[in-house]
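Residues per chain are reported as follows:
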Amino acid sequence: MLFRSAGIHRDGGDSNEKKEEYNMDWHRGNLFNVMVAAEQLRRGVDKHGNRSTADVILMIQLTKDSKLMRLSDEEEGWLRQLDIKLKYIPLPSHGVQNFYTVQMEKFRILQYYQEYSRILYMDGDVIPHCNLDYLFQLSEEGLLKENAVMPGTTEPACAGFFMLAPKEGDYEALEAHMDMQHRKALDTGILFDLDEGW
């Protein structure tokens, strides 16, 4: 299972005190959500009484304006206590952070092809109520598609909950396509062409 908390941003300085307090509450709220979700996944049992054996990973991407390089030692300690693996992801190579690029950054899970045959992605505000290992099993057995992604209305994926079977080169191909789309948007002023699609 993989969660993501995006856009962690904490500024220093007195003039930003309220903004810093808000962002601290927001990102801590997301961390607490992930911690609760990890516990929910592990406490839940399948029909045979088995607890989840899935790794829980939190992907963190700091905003381009952040003065931080990582979570605090205290926050990382909370995650370690719950056996939540932490992966920091770099900013996009094009340097743009907006709704579309943040959605596509979620597909960085494709980079973990050497570690996992399936990855179930959930946004940091998704709280499962049971063990979800059966989704991996159904996908591995071919009863569920190996890539289960629902399209959005103006984006290529409803990116809050999806499962992928990562393969070598998938993320690089997606990144090249996104760079091409970004360059096209800069030339035309159109971020997403509904007729053309992705």
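Residue numbers run consecutively from 1 along every chain, following the written order of its sequence. Local features in this predicted model are restricted to residues whose pLDDT is 70 or higher, and side-chain atom pairs enter the listing and the counts only when it is 80 or higher, whereas totals over whole chains, interfaces and linings include all residues. Water and hydrogen atoms play no part in the side-chain values, which are based on all heavy atoms of the structure.

A. Main features of the overall build of the protein. A tally of regular secondary structure across the protein gives 5 helices and 5 strands. Here a strand is any run of E in DSSP of at least two residues, a helix any run of H or I of at least four, and the numbering for each starts at the N terminus. The secondary structure elements of the protein, listed N-terminal to C-terminal, are β-α-β-α-β-α-β-α-β-α. Burial classification: accessible surface area is computed with a 1.4 Å probe over protein chains only, and a residue below 20% of its type maximum counts as buried, one above 50% as exposed, and the rest as partly exposed. Counting only residues that meet the buried cut, the protein has 41% of its 198 residues in that class. Pairs at least 24 apart in sequence give 71% of the contacts found in the protein among residues at least 6 apart. For the accessible areas, the method is Shrake-Rupley and the probe is 1.4 Å, while residue cover comes only from the protein chains on display. Working note: accessible area of the protein is about 11200 Å², and carbon and sulfur atoms make up 53% of it. The contact definition used throughout considers only heavy atoms, calling two residues in contact when any of these lie within 4.5 Å.

B. Representation of the nonpolar core in the model. Core analysis: the largest hydrophobic core is formed by 20 residues, its most contacted members being Leu58, Leu79, Ile84, Leu120 and Leu132. When contributions to this core are tallied by element, the ones reaching two or more residues are α1 (17-43), β2 (56-62), α2 (73-81), β4 (119-123) and α4 (133-140). Here the element with the most residues in this core is α1; it accounts for 5 residues. The residues touching Leu79, leaving out its near neighbours within four places in the chain, are Leu31, Met35, Leu58, Leu71, Ile84 and Leu86. Buried Ala, Val, Leu, Ile, Met, Phe, Trp, Tyr and Cys residues that are joined via side-chain atoms within 4.5 Å together make up what is termed a nonpolar core.

C. Fine view of the confidence of the model for the protein. pLDDT measures how confident the predictor is about each residue, on a scale from 0 to 100. Here the protein averages 79 in pLDDT, while 81% of its residues score no lower than 70. Within the protein, no element has a lower average pLDDT than strand β1 (residues 2-8), which sits at 46, and none a higher one than α2, at 94. Contacts from residues 4-22, a stretch scored under 50 in pLDDT, to residues over four places away or in other chains number 52 contacts.

D. Region of interest: unusual backbone geometry. Of note, the phi angle at Asp83 is positive, near 55 degrees, even though the residue is not glycine. Here Asp83 is to be found in the loop between α2 and β3 (84-88).

E. Layout of α4. Of the residues making up α4, those classed as buried are Asp133, Leu135, Phe136 and Ser139. Mapping the buried residues of α4 onto a view down its axis gives an arc of 160 degrees, with all of them on the same face. Structurally, α4 contributes buried residues whose contacts are with β4 and β5 (161-164). A positive backbone phi angle near 85 degrees is found at Gly142, which sits one or two residues after α4. As used here, the arc is the angular range of directions from the helix axis to the C-beta atoms.

F. Spotlight on the environment of Glu75. Among the structural elements, Glu75 can be located in helix α2. For this analysis, a polar contact is any N or O atom pair within 3.5 Å, provided that within protein one partner can donate a hydrogen and the other can accept it, and provided that sequence-adjacent residues contribute only side-chain to side-chain pairs. In terms of polar contacts, Glu75 uses its side chain to reach the side chain of Arg28, at 2.8 Å. At 2.9 Å, the side chain of Glu75 forms a polar contact with the backbone nitrogen of Ser72.

G. Summary view of the pattern of salt bridges. The term salt bridge refers to a side-chain nitrogen of Lys or Arg lying within 4 Å of a carboxyl oxygen of Asp or Glu. For the structure on display, the rule yields 12 salt bridges. Between Glu76 and Arg80 there is a salt bridge whose closest N-O contact spans 4.0 Å. Placement of the pair is Glu76 and Arg80 together in helix α2, with a separation of 4 residues, close to one helical turn.

H. Local environment of the environment of Ile109. By the secondary structure assignment, Ile109 is in the loop between α3 (99-105) and β4. A relative accessible area of 0% means that Ile109 is categorised as buried.

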